Number of protein chains: 2
Amino acid sequence: MQQKKDTPLRSDAQRNRERILEVALAELTCSADAPLSAIAKKAGVGQGTFYRHFPNREALVLEVYRYEVQQLAETAAQLLETRAPDRALREWMDRFAQYSMAKAGLADALGKATARGTLAALGHGPVTAAITLLLDANEEAGTIRPGVTPDDFVLAIAGLWQIDPHSDWQPRAGRLLDLVMDGLRAGAPGAGARG
Amino acid sequence: MQQKKDTPLRSDAQRNRERILEVALAELTCSADAPLSAIAKKAGVGQGTFYRHFPNREALVLEVYRYEVQQLAETAAQLLETRAPDRALREWMDRFAQYSMAKAGLADALGKATARGTLAALGHGPVTAAITLLLDANEEAGTIRPGVTPDDFVLAIAGLWQIDPHSDWQPRAGRLLDLVMDGLRAGAPGAGARG
DNA sequence: GAACCTAACGGACAGCTGTCCGTTTAACAA
DNA sequence: TTGTTAAACGGACAGCTGTCCGTTAGGTTC
């Protein structure tokens, strides 16, 4: 979806891309499943152009919410500064859940983005980096079992994508994340196996 | 999707339903994402008829693989007879993963079926019953933390739906299920917090 | 400023899902 | 049998996604 760095976007392409994102943000905020064709039309571009910029819905949504994703990623480092690694990890999971549920459609997009074997759509995006950071800190501190990969982690919290953001998701998500956290702690070389 | 018991299917409807299932098994075995319209046509029924019997893809797949699902459910009780509850649970998870991955498209269908807040499509199906059975046995034996619901469990293993069945799924699934199992064990009143 | 080249464009198109509605026909009663 | 009724039928239709390909127009070079 992205250009190689050595061939920057042509000026008209750049304009189109930005107009699409602008319209998409508005439309997606109204309704998470706004038809892509409508977005293309409102942005004044053809179907072909649209799909060249964003080959599928996820690509679009990820880009629209890029700022939010960025923020989420940066939160990881901040949490690690002020808290014990395991607390940081657990709180970051909560933030993760919040972001996913708050922005309509973001959960779906993140889910599908990581789906089917590759977490390539995130990968190596800022989120993966954040996860790595947190896992490494915890492994070093001995607060989680050694050898957990970002892939393992994403699979473990995948249940989040099953939760309806319009429902009362907090308790379900909380229970899931607690369970995962305990799973991660099991086998840790450090102190207790429980939180 | 199902008739109420007091209004049995009309004979022609019954025939159609069975013809659809017959064709669907064949088609889905070839290609997991065989177009529903093609199945309808091969079965010699109209679109409308088709969608009245099976309102969406998942409904069809679940029914096609009903036998397999049934088997999976029954396995739970059998495992509990010959093994410690926690071993039974863990092994059942493996079977679960195997069934999901083996039958093309079944994973997708199970995933979507449980998706979005309700596990109504399984619910209260045989699978939910099997899960309940296993969880109860473990809770009673003190091998897992108390209070885990089938919903919790399904969310926890939801990562399975993210795994591509065509890939080398075994190690990834194994790691995921180990993690979940450890999470379940954490906080158990019984002996060790690890397996 | 003219000519060239290729990235980018746009819209037609194909394939899919799920809905709607007028028509048919099985089931049952008289 | 014949008549009645509502369940079931079938196919047209609408909406969506993603692809394809002939056309347009930026950027660049001379």
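An account of the accompanying structure is given in this report. Please read these numbers as outputs of a predicted model, since none were measured by experiment.

1. What about the protein's contact with DNA strand D?
Then step 1. The environment of DNA strand D is made up of 23 residues, and the closest members are Arg 57 of chain A together with Arg 10, Asn 16, Gly 48 and Arg 52 of chain B.
Then step 2. For DNA strand D, the fraction of protein-proximal atoms (within 4 Å) that sit in sugar or phosphate groups is 61%.
Then step 3. Within the backbone of Gly 46 of chain B, one N or O atom sits 3.3 Å away from a phosphate oxygen of DNA strand D.
Then step 4. Taking Gly 48 of chain B, its main chain carries an N or O atom lying 2.8 Å from a base oxygen of DNA strand D.
Then step 5. At the level of secondary structure, the elements contributing two or more residues to the surface near DNA strand D comprise α2 (36–43) and α3 (47–53) of chain A together with α1 (11–30) and α3 (47–53) of chain B.
Then step 6. Considering each element in turn, the surface near DNA strand D owes the most residues, five residues, to α3 of chain B.
Then step 7. Looking at side-chain class alone, the surface near DNA strand D contains six nonpolar, twelve polar and five charged residues.

2. Quick word on the protein's contact with DNA strand C
Then step 1. Around DNA strand C, the structure places 24 residues, and the nearest of them are Arg 10, Asn 16, Gly 48 and Arg 52 of chain A together with Arg 57 of chain B.
Then step 2. Each atom of DNA strand C within 4 Å of the protein was classed as base or backbone; sugar and phosphate made up 62%.
Then step 3. At 2.7 Å, a side-chain N or O of Arg 10 of chain A approaches a base nitrogen of DNA strand C.
Then step 4. At a separation of 3.4 Å, a phosphate oxygen of DNA strand C approaches a polar side-chain atom of His 53 of chain A.
Then step 5. Contributions of two or more residues to the surface near DNA strand C are made by α1 (11–30) and α3 of chain A together with α1, α2 (36–42) and α3 of chain B.
Then step 6. For the surface near DNA strand C, the element with the most residues is α3 of chain A, which contributes five residues.
Then step 7. Residues that form the surface near DNA strand C fall into these classes: six nonpolar, twelve polar and six charged.

The rules behind these values
Residues numbered from 1 in each chain as written. Chains lettered and ligands numbered in written order. Predicted model: local features only at pLDDT ≥ 70, side-chain atom pairs only at ≥ 80, totals over all residues. Heavy atoms only, no water. Near = heavy atom within 4 Å. Polar contact = N/O pair within 3.5 Å; in protein donor to acceptor, adjacent residues only side chain to side chain. Helix = DSSP H or I, 4+ residues; strand = E, 2+ residues; numbered from the N terminus. Nonpolar A, V, L, I, M, F, W, Y, C, P; charged D, E, K, R; others polar.

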